[in-house]
Amino acid sequence: QLEAALDEDYSPVPEIHNDPDFHGYRSRQRFWEQQVEEIRRLMGRSGAVRFYYSGFAQAVLLDRLMPDWKVGVWDDDVWLEDLLAEAVLDNNRTHDPPSEPSTSAGR
């Protein structure tokens with residue numbers, strides 16, 4: 001939904017406009033900004049509410065890096081941190097930078 005808010009050309013399925021609770025995706029960017037600001041505000045503080053915001057941030061990252069992450073998230077021994085580590089490793093494998101050209105060639 002965040003990406004839909006950022007893409008001006010995005011068009012939802014027409015049926016969604018019949019939903020009285022649907023107000024478009026334009027408020028998603030502002031919502032995201034508010035959540036990030038709240039994360040910053042809570043840094044260094046104690047309390048369980050911090051885990052809500054860190055979980056939210058992890059879920060947003062997983063949405064981007066591993067779109068199907070929600071399929072098994074409720075299984076036993078599945079942790080967002082582990083899924084995120086897997087997603088980052090997979091992303092690094094598929095987006096490895098090109099190797100540096102050899103400096104000894106042509107000497």
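That block above? That's the structure.
Residues numbered from 1 in each chain as written. Predicted model: local features only at pLDDT ≥ 70, side-chain atom pairs only at ≥ 80, totals over all residues. Heavy atoms only, no water.

Peer 1: Please clarify how unusual backbone geometry should be interpreted in this entry.
Peer 2: Generally, phi is negative for residues other than glycine and the peptide bonds are trans, each holding for most cases. Positive phi, normally seen in glycine, also occurs at Asp-77, with a value near 60 degrees. Checked against the element boundaries, Asp-77 lands in the loop between helix H3 (49–65) and helix H4 (80–94). Asp-77 sits in the exposed class, given a relative accessible area of 67%. (Helix = DSSP H or I, 4+ residues; strand = E, 2+ residues; numbered from the N terminus. Buried < 20%, exposed > 50% of the residue type's maximum accessible area, 1.4 Å probe, protein only.)

Peer 1: Is there a simple way to think about the packing of aromatic side chains in this case?
Peer 2: The description of two aromatic rings rests on the distance between their centres and on the angle between their planes. All told, the structure shown has two aromatic pairs when counted by the stated rule. Arranged with centres 5.5 Å apart and planes meeting at 40 degrees, the rings of Trp-32 and Phe-56 form a pair that is tilted. Of this pair, Trp-32 sits in helix H2 (residues 26–42) while Phe-56 sits in helix H3; the two residues are 24 residues apart in sequence, bridging distant segments of the chain. On the numbers, 4.8 Å between centres and 85 degrees between planes, the contact of Tyr-52 with Tyr-53 is edge-to-face. For Tyr-52, a relative accessible area of 48% translates into the label partly exposed. (Phe/Tyr/Trp six-rings, centres within 6.5 Å; stacked < 30°, edge-to-face > 60°.)

Peer 1: Could you clarify how one ought to interpret the environment of Arg-40 in this entry?
Peer 2: Relative to the elements of secondary structure, Arg-40 occurs in helix H2. A sequence separation of 13 residues divides Arg-40 from Tyr-53, and the C-alpha atoms of the two residues are 9.8 Å apart.

Peer 1: I keep staring at H4 and nothing clicks. Help me out?
Peer 2: Two residues of an α-helix separated by three or four positions point the same way, owing to the 3.6 residues in each turn. If you check H4, its first and last C-alpha atoms are 21 Å apart, about what 15 residues at 1.5 Å a residue would give, namely 21 Å. For H4, the complete set of buried residues consists of Leu-83, Leu-84 and Ala-87. Mapping the buried residues of H4 onto a view down its axis gives an arc of 100 degrees, with all of them on the same face. Where H4 is buried, its residues contact H3. (Expected span 1.5 Å × (residues − 1). Arc of directions from axis to C-beta. Contact = heavy atoms within 4.5 Å.)

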